[in-house]
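Given next are the chains, with one letter for each unit.
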Amino acid sequence: MLDGEYAKTLEQLRTQTRADVEDGAVTADGPASAEKAWEAYRSAWVAFARLRYPREVAAIRAEITLDRYRLVETIR
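Residues numbered from 1 in each chain as written. Predicted model: local features only at pLDDT ≥ 70, side-chain atom pairs only at ≥ 80, totals over all residues. Heavy atoms only, no water.

(A) Representation of the overall build of the protein chain in the model. Tallying secondary structure elements over the protein chain gives 4 helices and 0 strands in all. Counting from the amino terminus, the protein chain carries its helices and strands in the arrangement α-α-α-α. Burial statistics for the protein chain: of 76 residues in total, 26% are counted as buried. With an accessible surface of roughly 5500 Å², the protein chain has 54% of that area assigned to carbon and sulfur atoms. (Helix = DSSP H or I, 4+ residues; strand = E, 2+ residues; numbered from the N terminus. Buried < 20%, exposed > 50% of the residue type's maximum accessible area, 1.4 Å probe, protein only. Areas by Shrake-Rupley, 256 points an atom, 1.4 Å probe, with all protein chains shown as cover.)

(B) Structural view of the environment of Lys8. Here Lys8 lies in helix H1 (residues 2–14). Here the alpha-carbon distance between Lys8 and Val72, two residues 64 residues apart in the chain, equals 9.7 Å.

(C) Seen up close, the packing of aromatic side chains. This structure, assessed with the given rule, holds 2 aromatic pairs. Centroid distance Trp45 to Phe48: 5.5 Å. Interplanar angle 85°. Geometry classified as edge-to-face. In this pair, Trp45 and Phe48 are both assigned in helix H3 (residues 29–52), 3 residues apart and thus about one turn of the helix distant. Using a relative accessible area of 38% as the deciding quantity, one classes Phe48 as partly exposed. Seen from their ring centres, Phe48 and Tyr53 are 6.0 Å apart, and the 75° between their planes marks the pair as edge-to-face. An aromatic cluster is defined as three or more aromatic residues linked by ring pairs; in this entry it consists of Trp45, Phe48 and Tyr53. (Phe/Tyr/Trp six-rings, centres within 6.5 Å; stacked < 30°, edge-to-face > 60°.)

(D) Structural detail: the nonpolar core. Within the largest apolar cluster, 6 residues are counted, these being Trp38, Val46, Ala49, Val57, Ile60 and Ile64. Of all the elements in the fold, those that place two or more residues in this core are H3 and helix H4 (57–75). (Core = buried A, V, L, I, M, F, W, Y, C linked by side-chain atoms within 4.5 Å.)

(E) Focus on the pattern of salt bridges. Scanning the entire structure with this criterion turns up 1 salt bridge. In this structure, Asp67 engages Arg70 in a salt bridge whose closest nitrogen and oxygen atoms are separated by 3.6 Å. Taken together, the positions of Asp67 and Arg70, both in helix H4 and 3 residues apart, correspond to about one turn of that helix. For Asp67, a relative accessible area of 40% puts it in the partly exposed group. (Salt bridge = Lys/Arg side-chain N within 4 Å of Asp/Glu carboxyl O.)

Function-wise, these values are silent; they only describe arrangement.
Here is the structure:
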C-alpha cells in the first residue's frame, strides 16, 4: 500500500517541468531522502515498542505506516 503510493508520487514528481522545479515544487529527490529518514524513524519506534509495549508492536508499526501513507498521498 505505502510502497505503491510512494511509487505513484515519485512518478508524478518526475514529470515536472523545469519551470515547476524552479518555482519551488517538490522534486523526486526530496521524498526519496525523506523516505529514508522515515524508515529510520519507524525502525526506532518499533525497537522502542518492543521494549515498552511488546504486545502492541504490530499495531504501533501499522499506525505509523498508515500515518505516513496519508502524508505521502497528500503530496500528489
